[in-house]
Amino acid sequence: MAMDQQGLLARLIRELVRLPGIGQKTAQRLAFHILKTEQEEALRLADAIHAVKDGLTFCRQCRNIAEGDLCEFCLDPKRDSTKILVVEEPSTLYAIERSGGFRGLYHVLLGTLSPLDGVGPSDIRAQELADRLKAGGVQEVILATNPTIEGEATAIYLTRLIKPFGVKVSRIAYGIPVGMDIEYADEVTLIKSLEGRRDL
Amino acid sequence: MPLLKTPAITLKSRKWGEADRIVTFYTLRFGKLRGVARGARRIKSRFGSALEPFVQCDLNLFEKPNDTLHRVSQADIKETFPALREDLALMAGAARMANLVTAITPDADPAPKIFDTLVQGFRSLNEGHEPALTTLLFQIKLLGLTGFRPQTDHCAACGKDTQTLGAGSTGRFSALAGGLVCDPCVHRRSDRYLFLSPGSLAFLQQALRMTPEVLNRLKASGQVRSELELAIEAYVTCVAGKRLPPVDFLASC
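Every chain's residues receive numbers from 1 upward, in the order its sequence appears when written. Here chains are named by letter from A upward and ligands by number from 1 upward, in the order in which they appear as written. Side-chain atom pairs in this predicted model are given and counted only at pLDDT of 80 or more, local residue features only at pLDDT of at least 70, and totals for whole chains, interfaces and linings cover all residues. Calculation of side-chain values draws on the structure's entire complement of heavy atoms; hydrogens and water are dropped beforehand.

Undergrad: Tell me about the sheet that holds strand 5 (residues 140-143) of chain A, and name the residues and values.
TA: Residue and element names in this part refer to chain A. By the convention used here, strands pair only if DSSP detects at least 2 bridges between them. A run of DSSP states H or I qualifies as a helix once it reaches four residues; a run of E qualifies as a strand once it reaches two. Both are numbered from the N-terminal end. Here we have 4 strands laid out as an open sheet, ordered 4-3-5-6, and parallel in their pairing. Because the sheet does not close on itself, it has two edges, and the strands there are strand 4 (104-108) and strand 6 (168-171). Strand-to-strand twist of the sheet, defined as the mean angle between neighbouring strand axes without regard to direction, takes the value 25°. Where strand 5 lies against strand 6, 4 bridges are found, and the strand directions are parallel. Paired with V141 across the two strands is V169, which belongs to strand 6. Residues count as neighbours in contact if any of their non-hydrogen atoms are within 4.5 Å of one another. Whenever a helix is involved, its axis is fitted only over the stretch in contact; in every case the axis is a line through C-alpha atoms, and angles between N-to-C directions fall within 0 to 180 degrees. Lying over the sheet, helix 5 (residues 90-99) contacts strand 3 (80-87) and strand 4, oriented at roughly 160° with respect to strand 4.

Pasting the structure below:
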């Protein structure tokens, strides 16, 4: 359907297309859905976007998403402040938090090093992590970057950065996902899981 | 929708959509191709680590009509070059190799020699050969294989045989012209020139002649190394049409 490129609907579609994973067709479908919904419902969506942009910022300490100066985890006195778990993005932090397996503090890098794209240490929040370690009180840093080339590069770099502080550095384990058949695992995963085996 | 089967090396892989990846491959039978791997980022993905950069795999793709983006249906690992994931200097060297192949090879234009040179380059890095020199030699070789051979025996601007121009005329390298430039052309053109000593020139010519398998027998240090690194970096930037991410990406920040 040819659409007026200057019209209000076309403007909405143009804005929706800018979102990740949204193509022209999906943007059109969403735009027509918004058009058909009640005014109140559509304005609630607009208001939620507005509120997020106005009310959310990054935590001064860990760079997680926060509604104030510090995020909910940095403000929680019950959390173990001797352990910091480093993640690439806030979405990973919430995945780990959902598991309930970690009760320490976090540090969000908001990116990864990438030799393929020329992303270096100054493009991620690595120096902020070093500043936190300099302040003292941390005994262990757990690196939970993705097991991709970028995640590995970041973990190697952070290990180099952290070691001089005399803090224990560990990396989350590699291996076979729970519920999977070992025969279907690829060679790299199998080798890594054998290297990372533990005593019982 | 024909099925393509070929050995391939992953050059780049980037996140796409919710759990997919768009992967750039250099394949033995079809040259450089791009494919979308549905669900590749899910924990139980059938692709596992086969689509990670610098991994050689046996690849099955479905070709989509009127679309340069193929659909990846299967990838079985052949060679993983594990050291490239464990050392930043090796990783950066491999990244430059992959970036150069991505930048200067055309899509869907098979060149088995380029594929073999890339595999050999990754293998050399994985075996512990010095990363900066291995990367430099790979770049010289690849430029030769892709039709961008740095001109060393003729003036890159006018085509005159540099041997007949006398001493002192053979050392000015113009990245823009694509090789050595004779004295009259130096005065005529406003290019930026880099000086190549006779040792550097001999090394460059030797590297262009040698096969990828024995390329890492060449050794260079000091002046030869630094002159060639500067010249090849400038030439690669001209050929690629953009500055590629630096080999020492940590030092550059």
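Undergrad: Which residues make up the packing of aromatic side chains, and what are the values?
TA: All names here are of chain B. Planes of paired rings set the category: under 30 degrees apart is stacked, over 60 is edge-to-face and the rest tilted, where pairs are Phe, Tyr or Trp rings (Trp by its six-membered ring) whose centres lie within 6.5 Å. Under the defined criterion, the tally for this structure stands at 6 aromatic pairs over all chains. Measuring from centroid to centroid gives 5.7 Å for F81 and F122, while their planes differ by 65°, and the two rings are edge-to-face. With F81 in the loop between strand 5 (69-79) and helix 1 (88-104) and F122 in helix 2 (residues 112-126), the pair connects residues that are 41 residues apart, well separated along the chain. Throughout this description, buried means an accessible area under 20% of the type-specific maximum (1.4 Å probe, protein chains only), exposed means over 50%, and partly exposed covers the range between. With a relative accessible area of 2%, F81 lands in the buried category. The exposure class assigned to F122 is buried, which follows from its relative accessible area of 0%.

Undergrad: Any chance you could break down the packing of helix 1 (residues 8-17) of chain A against helix 2 (residues 24-36) of chain A for me, citing the residues and the numbers?
TA: Residues and elements named next belong to chain A. Two elements in contact, helix 1 and helix 2, have axes whose closest approach is 9 Å; the angle formed by their N-to-C orientations is 130°. Between helix 1 and helix 2, the crossing angle belongs to the class labelled oblique. Remark: the crossing between helix 1 and helix 2 carries right-handed chirality. Contacts between helix 1 and helix 2 involve L9, L12, I13, L16 and V17 on the former and, on the latter, Q24, A27, Q28, L30, A31, F32, I34 and L35. Broken down by class, the residue content of the contact of helix 1 with helix 2 amounts to 11 nonpolar, 2 polar and no charged. Working definition: roughly parallel below 35 degrees, roughly antiparallel above 145 degrees, roughly perpendicular at 65 to 115 degrees, and oblique for all remaining angles. Note on convention: near helix rotated counterclockwise from far helix by under a right angle means a left-handed crossing. Clockwise means right-handed. Amino acid classes used here: Ala, Val, Leu, Ile, Met, Phe, Trp, Tyr, Cys and Pro are nonpolar; Asp, Glu, Lys and Arg are charged; the rest, including Gly, are polar.

Undergrad: Give me the domain arrangement of chain B: which residues, what numbers.
TA: Residues and elements named next belong to chain B. Residue ranges assigned to each domain were obtained from an automatic or database domain assignment. We note that the domain assignment places domain 1 (1-80) and domain 2 (82-253) within chain B. The C-alpha-based centres of domain 1 and domain 2 are spaced at 29 Å. Criterion for a salt bridge: a side-chain nitrogen of Lys or Arg within 4 Å of a carboxyl oxygen of Asp or Glu. At the junction of domain 1 and domain 2, the tally comes to 3 salt bridges. The partner of E79 in a salt bridge is R123, and the shortest N-O contact between them spans 2.8 Å. Pairs of N or O atoms are called polar contacts if they sit within 3.5 Å, as long as, within protein, a hydrogen donor faces a hydrogen acceptor (for residues adjacent in sequence, only side-chain-to-side-chain pairs). Here domain 1 and domain 2 share 5 residue pairs in polar contact (both at pLDDT 80 or more) between them.

Undergrad: Give me the packing of helix 5 (residues 198-209) of chain B against helix 6 (residues 222-240) of chain B: which residues, what numbers.
TA: Residue and element names in this part refer to chain B. Following both chains from N to C, one finds helix 5 and helix 6 inclined at 65°, their axes separated by 9 Å at the closest point. Considering how the two elements wind past one another, helix 5 and helix 6 form a crossing that is right-handed. Residues G199, S200, F203 and L204 of helix 5 touch helix 6, and the partners they reach there are Q223, V224, E227, L228 and I232. Per-class residue counts for the contact of helix 5 with helix 6 are 5 nonpolar, 3 polar and 1 charged.

Undergrad: For the pairing of strand 4 (residues 56-62) of chain B, give the residues involved together with the corresponding values.
TA: A regular strand carries its side chains on alternate faces of the sheet. Residue and element names in this part refer to chain B. In terms of burial, strand 4 is a largely internal element, 5 of the 7 residues being buried. Bridge count for strand 1 (residues 3-16) against strand 4 is 7 bridges, and the pairing is antiparallel. Following the sheet pairing, A8 is matched in strand 4 by C57. Here strand 4 runs beside strand 5; their pairing, made up of 7 bridges, is antiparallel.

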